[in-house]
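# Structural features, examined
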Amino acid sequence: MFKRHRLSLWLTAPALLTAWLVGLPVSQGALTTDARADEMTPKQLFEVHCAACHSIELPMTQRLARHDWEWVLDDMEDYGMTWLTDEQREQIVDYLTENYGRDTPR
């Protein structure tokens, strides 16, 4: 499963990057322009950027502490998710911690 995740990331990321670079319209689950990304809520940032590479149900089923969510985002950046700004990344970690943190009810 791990290799499939890595393969799907490498198949998806170049297509998304190409669409972003040439300015093609993007749909939910794909990259957004900086102007649209600035208007997005933390939930929307999570849904759009995380779904660019995998199902959002995966992180929604986990209950991790803040430092674990930060590690997950670090790991995703190692696999090529480099388009997030520091502010967007922080908003996603805040959202995940608040809604899918260790102490949140299931």
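Residues numbered from 1 in each chain as written. Predicted model: local features only at pLDDT ≥ 70, side-chain atom pairs only at ≥ 80, totals over all residues. Heavy atoms only, no water.

## A short note on helix α6 (residues 86–100)
Over its 15 residues, α6 extends 20 Å from the first C-alpha to the last, a length consistent with the 21 Å expected when each residue adds 1.5 Å. Every buried residue of α6 is accounted for by Gln-88, Arg-89, Ile-92, Val-93, Tyr-95, Leu-96 and Tyr-100. The buried residues of α6 occupy an angular sector of 160° when the element is viewed end-on, so they sit on one face. Away from its buried face by more than 90 degrees, α6 exposes Asp-86, Glu-87 and Glu-98. (Helix = DSSP H or I, 4+ residues; strand = E, 2+ residues; numbered from the N terminus. Expected span 1.5 Å × (residues − 1). Buried < 20%, exposed > 50% of the residue type's maximum accessible area, 1.4 Å probe, protein only. Arc of directions from axis to C-beta.)

## Quick notes on the packing of helix α5 (residues 66–78) against α6
Geometrically, a packed helix pair is captured by the angle between its two axes and the distance between the axes. One way to put it is that α5 packs onto α6 with a least axis distance of 9 Å and a crossing angle of 135°. Comparing the axis directions of α5 and α6 gives the class oblique. By crossing handedness, the relation of α5 to α6 is classed as right-handed. Of the residues in α6, those touching α5 at Arg-66, Trp-69, Glu-70, Leu-73, Asp-74 and Glu-77 are Arg-89, Glu-90, Ile-92, Val-93, Asp-94, Leu-96, Thr-97 and Tyr-100. The class makeup of the residues in the contact of α5 with α6 is six nonpolar, one polar and seven charged. (Axes fitted to C-alpha atoms, helices over the stretch in contact; angles between N-to-C directions. Parallel < 35°, antiparallel > 145°, perpendicular 65-115°, else oblique. Left-handed = near helix turned anticlockwise from the far one by under 90°. Contact = heavy atoms within 4.5 Å. Nonpolar A, V, L, I, M, F, W, Y, C, P; charged D, E, K, R; others polar.)

## Focus on α5
The terminal C-alpha atoms of α5 lie 19 Å apart, and with 13 residues this matches the ideal 18 Å at 1.5 Å per residue to within 8%. Among the residues of α5, Trp-69, Val-72, Leu-73 and Met-76 are the ones counted as buried. Looking straight down α5, one finds that the buried residues subtend no more than 95° of arc, so they occupy a single side. Summarising the geometry of α5, the exposed residues directed more than 90 degrees from the buried face are His-67, Trp-71 and Asp-78. Of the residues trailing α5, Gly-80 is marked for its positive phi of about 120°.

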